[in-house]
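# Geometric and topological summary
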There are 2 protein chains.
Amino acid sequence: MPNEKRTVFFISDSTAITAETLGHSLMAQFDHVQFHQFTLPFVDSAEKAMEAISIINEIAKITETKPIVFSTLVNAEIRQIIKNCNCIFFDSIDTFLTPLEKELDMPSSKMVGSYHKFKDNVYDVRMDAVNYALGHDDGMTMKNFDMADVILVGVSRTGKTPTCVYLALQFGIFAANYPLTEENFANKDRKHIASLTLFKEKLFGLTINPARLQKIRSERWPNSRYASLAQCQTEISMAEELFAAEDIPFINVTMMSVEEIAAHILQFKKLQRRLFS
Amino acid sequence: MPNEKRTVFFISDSTAITAETLGHSLMAQFDHVQFHQFTLPFVDSAEKAMEAISIINEIAKITETKPIVFSTLVNAEIRQIIKNCNCIFFDSIDTFLTPLEKELDMPSSKMVGSYHKFKDNVYDVRMDAVNYALGHDDGMTMKNFDMADVILVGVSRTGKTPTCVYLALQFGIFAANYPLTEENFANKDRKHIASLTLFKEKLFGLTINPARLQKIRSERWPNSRYASLAQCQTEISMAEELFAAEDIPFINVTMMSVEEIAAHILQFKKLQRRLFS
């Protein structure tokens, strides 16, 4: 099948994150289409809507194809302006909000951006969780490990840091991480490992296929001992032996995105998210 | 209007992030409903679907109300199982994928979780951006500031750190931040400020209303000089004078979420996102 090209717009009166998320999940179902993407956030006035349609109509003219528009525009007037331009319009507000109003038997507030409206509590929880993740990254300290919801352990470059930061930002989860290094294992009294296992019920292991780890490490430190397949194999074996010996639950992240790793951790550890935005 | 309670499920064969994002944006339009939320990710077999419906049906029985289900289930068979249980079913795949197939004139791949499928490039970009944000947080160094896509400046507790981390994780943007402290301003030769303005075209300012800043700072350091209204006012005045003098674009984040701040920065600085997942 030949590669096709299509232009896609994500339009919202707010950040356009919902439009992007929904749009991407649908676009990912079409491997053979190359999508050119434009995000138009904060389209919250008729003037801005007119600007938006001039761009959309121009692209339609140049490409001789109607651009696809994913919209979460809440304002009906603005929505109508965009809907009538030279585009294919996918509307997640009209499509779902009307039946939801019917089901809940009440009108919706039709508040623009109310999803992301500022909430004191959200700000604080998020700040605290992000600061916690940053302050407990890569084994810098075990202080306050008792405050952690989860402590990720794994060898270097298994995705511990981005996963902790994602858990903090997205869910308000307090996530620390601690690297399993050859030194930690080699240490005669294995004091770091011993300290770590004091928090056993909070530990969650990340492992990865050695060949993939070699590739990741080689990107940054090519031809180093650290990036060699032998070293990757040794470290991963030691990590997986620890997981088995200490009964630490773990997942293999070789084929996983940060979002997937985070979702698995939440599910497995039955963690209650503190943020819903 | 009396507060109503409704139970909501987010169900997906993958992480359920899309279902959650869409669901939250719709739920936020109903102020008077208290939603109890459950996320069921990775429902990728008939067995797991049966488990899910036993939970949904149980809740329906207890609450004597049909739970609302936001689904991004791609597998038609699994979708059918859930759809037939005792629930109100909102289906963003069936609703949008079929018209999208028609418009693109090709079948979708119907690949479960293909949105979040692992991509080498995504992993690297994200790791590099997150590491950059963590390595250039809170003025720890100006080294490699030339690599930044944007450098956020503002007084302490204006949301610089979570915004940088969010820009990195969500968009692959290299974002550094540098705090505007009283010391930096008081310093006779203002060397930090002077160094900072060398990167003027990358700077973006965050400001906030003094009363709000006082509240945020007081949460953590009550009754401190740092959290006093006078101190907050002084620092913010100095920061805003700097923005004006150096022609640094800025926004007032008082009523903004991290998502909104990030979306404004992308738009204003015309930054190209490196990540689309």
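About the criteria used
Residues numbered from 1 in each chain as written. Chains lettered and ligands numbered in written order. Predicted model: local features only at pLDDT ≥ 70, side-chain atom pairs only at ≥ 80, totals over all residues. Heavy atoms only, no water. Buried < 20%, exposed > 50% of the residue type's maximum accessible area, 1.4 Å probe, protein only. Helix = DSSP H or I, 4+ residues; strand = E, 2+ residues; numbered from the N terminus. Pairing = 2+ DSSP bridges. Right-handed = clockwise from strand over helix to strand, strands pointing away. Salt bridge = Lys/Arg side-chain N within 4 Å of Asp/Glu carboxyl O.

## Here we look at the pairing of strand S1 (residues 4-11) of chain B
Looking down a regular strand, the side chains alternate between one sheet face and the other. Residues and elements named next belong to chain B. S1 sits mainly inside the fold: 6 of its 8 residues count as buried. Examined bridge by bridge, S1 and strand S2 (residues 33-40) share 8 bridges and lie parallel to one another. Pairing of Glu 4 across the sheet is with Val 33, part of S2. Between the parallel elements S1 and S2, the chain passes through helix H1 (residues 17-27) in a crossover that is right-handed. Of the strand pairs in this sheet, S1 and strand S3 (residues 68-71) are connected by 4 bridges, and their pairing is parallel. Paired with Phe 10 across the strands is Phe 70, a residue of S3.

## Thoughts on the pattern of salt bridges
A complete count under the given rule lists 22 salt bridges over all chains for this structure. The salt bridge partner of Arg 274 of chain B is Asp 149 of chain B, with a shortest N-O separation of 2.8 Å. In this pair, Arg 274 of chain B sits in the segment after helix H11 (258-268) while Asp 149 of chain B sits in the loop between helix H5 (120-135) and strand S5 (150-154), placing the two residues 125 residues apart along the sequence. For Arg 274 of chain B, a relative accessible area of 40% puts it in the partly exposed group. Across the pair Glu 182 of chain B and Arg 225 of chain B runs a salt bridge, and its minimum N-O distance is 3.3 Å. Residue Glu 182 of chain B is found in helix H7 (residues 182-186), and its partner Arg 225 of chain B is found in the loop between helix H9 (210-220) and helix H10 (229-246); the two are separated by 43 residues along the sequence. Overall, the relative accessible area of 56% leaves Arg 225 of chain B in the exposed class. Salt bridges here are not isolated pairs; linked through shared partners, they connect Arg 79, Asp 91 and Asp 94 of chain A.

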